[in-house]
Structure formats: C-alpha cells, structure tokens
Amino acid sequence: PRFSTITIIGHSEGSLVGMLAAQKSATDGYVSIEGAGRPADKILREQLGKQLPPDLLAVANRALDKLVAGSLVDSVPRQLLALYRPSVQPYLISWLQVNPQVEVAKLKVPVLLVQGTLDAQVPEGDVKLLAAAQPKAKLIIVEGMNHVMKRTAADQASQAKSYSDPSIPIPRELIDGVSAFIKSVPRHK
C-alpha cells in the first residue's frame, strides 16, 4: 500500500529473470536494460567463437549441445571449467531453455527496453528482437552507452576501464528515461 506502483528492472541476464518475475507477480511495469534478445546458447556460441581456437570451440559447442538437450557434461577441459564447471551445469541447463523473445511477449504490463550502442556483450540487434516480440514496448537507445551503463569509447581499453571506474557517470538519458517510464506506469488492476 505504501507504493503507488511496482516496476521490475532487470539488467543483462537479470533482464530475463525480471521478465519471468514480472509474469508471476503483481507488477505494474517492467524495464529491461542491456537484456539479451536471443536464447543464451546462441549468445554463448557467438562469444566463444570470437575467443576460442577451432579445436577448443568444437569441444565447447559439443558441451553446449548436451546442456541444451538437458544433459550434464561429464568431462570438461580445464580451459572451459569457468563456464562449464559441474556446479554450474544445472543452472545452465535451466537458463538455456528460456527464450527472451517468447518471455517478453507474454508480458501484459507496460515494458521499457533500454540498450546502449556500445555494449560489447549484448549487441544492439538483441533489443530490436525484444521490441519486435513486444511491439507495445517503449524503446530507448542510448548513444555511446556500454554494458555496464556507462558512456565510453568503443575501443577495448576504454570499455575495460569503464567496468571498474566509478567516476564514469551513468548517462542522463538512462536515468531520465527509466524515471519517466516508471512515473508513467499505471497501477495494475
């Protein structure tokens, strides 16, 4: 009773978690910031393809195939343990089953989708997939904003610095856009 409305905000992987939570709660609005628009296995394959040599990539993709099919991976090379360690595999199996486009389409509350143009982890095309799946959503594209919601240059050194430099401010367009959206959300009936 002490709140006029409740809006769930999810960032990155939390975007998907927020979508699922908004479906199951008395939520009035939902905000995705830098959220993936594709199933996680597609994103992982893309990211690993840029980082791994062909032989290790083939092993990583076979492991991903097993996880997508709902099976645990018995043997994981040392170089892939950070991603595929046994303790995280049950989580990966559950995550790999969820398609953000399907989930955002289920939302019956007002939706805001926010994406930066310099996100090195979630490309701008992903937010367009979410917007296509939820055509009533409001879309905000923040020029020069990266994955950690900081305005930065596109080069790798600037991107890396922004992840740990608290003096780099969050873009005003993000703050103002999310604030205005939340204030505009009507109470869910």
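In the block above lies the structure referred to throughout.
Calculation notes
Residues numbered from 1 in each chain as written. Predicted model: local features only at pLDDT ≥ 70, side-chain atom pairs only at ≥ 80, totals over all residues. Heavy atoms only, no water. Pairing = 2+ DSSP bridges. Helix = DSSP H or I, 4+ residues; strand = E, 2+ residues; numbered from the N terminus. Axes fitted to C-alpha atoms, helices over the stretch in contact; angles between N-to-C directions. Contact = heavy atoms within 4.5 Å. Phe/Tyr/Trp six-rings, centres within 6.5 Å; stacked < 30°, edge-to-face > 60°. Buried < 20%, exposed > 50% of the residue type's maximum accessible area, 1.4 Å probe, protein only. Core = buried A, V, L, I, M, F, W, Y, C linked by side-chain atoms within 4.5 Å. Right-handed = clockwise from strand over helix to strand, strands pointing away. Parallel < 35°, antiparallel > 145°, perpendicular 65-115°, else oblique. Nonpolar A, V, L, I, M, F, W, Y, C, P; charged D, E, K, R; others polar.

(A) Representation of the sheet that holds strand S1 (residues 7-11) in the model. Read from one edge to the other, the open sheet built from four strands follows the order S1-S2-S3-S4, with strand pairing classed as parallel. Edge positions in the sheet fall to S1 and strand S4 (138-142), since each of these pairs with one other strand and no more. Strand-to-strand, the axes of this sheet are offset by a mean angle of 15°, without reference to chain direction. Looking at chain direction, strand S2 (residues 29-33) and strand S3 (residues 111-116) are connected through four bridges and run parallel. The residue of S3 that forms the bridge with Ile33 is Val114. Along the sheet, helix H1 (residues 13-23) contacts S1 and S2; its crossing angle with S1, the most-contacted strand, is approximately 155°.

(B) Just the packing of aromatic side chains, in detail. Tallied over the full model, the rule gives one aromatic pair. Ring centres 5.8 Å apart and planes at 20° place the aromatic pair Tyr91 and Trp95 in the stacked group. In this pair, Tyr91 and Trp95 both sit in helix H5 (residues 89-96), four residues apart, roughly one turn of the helix. Tyr91 sits in the partly exposed class, given a relative accessible area of 36%. Overall, Trp95 belongs to the partly exposed group, its relative accessible area being 21%.

(C) Main features of the nonpolar core. In terms of nonpolar packing, the biggest core is built from 18 residues, with Leu52, Leu67, Leu80, Tyr84 and Leu96 touching the most fellow members. No other element matches helix H3 (residues 54-68), which puts six residues into this core. Here Leu80 is in contact with Leu52, Leu56, Val59, Ala60 and Arg85, once residues within four sequence places are set aside. Formed by 15 residues, the second largest nonpolar core is a distinct cluster that contains Met19, Ala22, Ala131 and Ala137.

(D) Quick peek at the pairing of S2. S2 sits mainly inside the fold: five of its five residues count as buried. Here S2 shows no split at all, with Gly29, Val31 and Ile33 on one side and Tyr30 and Ser32 on the other all buried. As judged from the five bridges shared by S1 and S2, these two strands associate in the parallel manner. Across the sheet, residue Ile8 finds its bridge partner in S2, namely Tyr30. Crossover S1 to S2 through H1 is right-handed.

(E) The arrangement of the packing of H3 against H5 in detail. Relative orientation of the contacting elements H3 and H5 amounts to 70°, with a least axis distance of 8 Å. Between H3 and H5, the angle is such that the two are roughly perpendicular. Between H3, through Leu64, Leu67 and Val68, and H5, the contact on the second element is made entirely by Gln89, Leu92, Ile93 and Leu96. Considering only residue class, the contact of H3 with H5 consists of six nonpolar, one polar and no charged.

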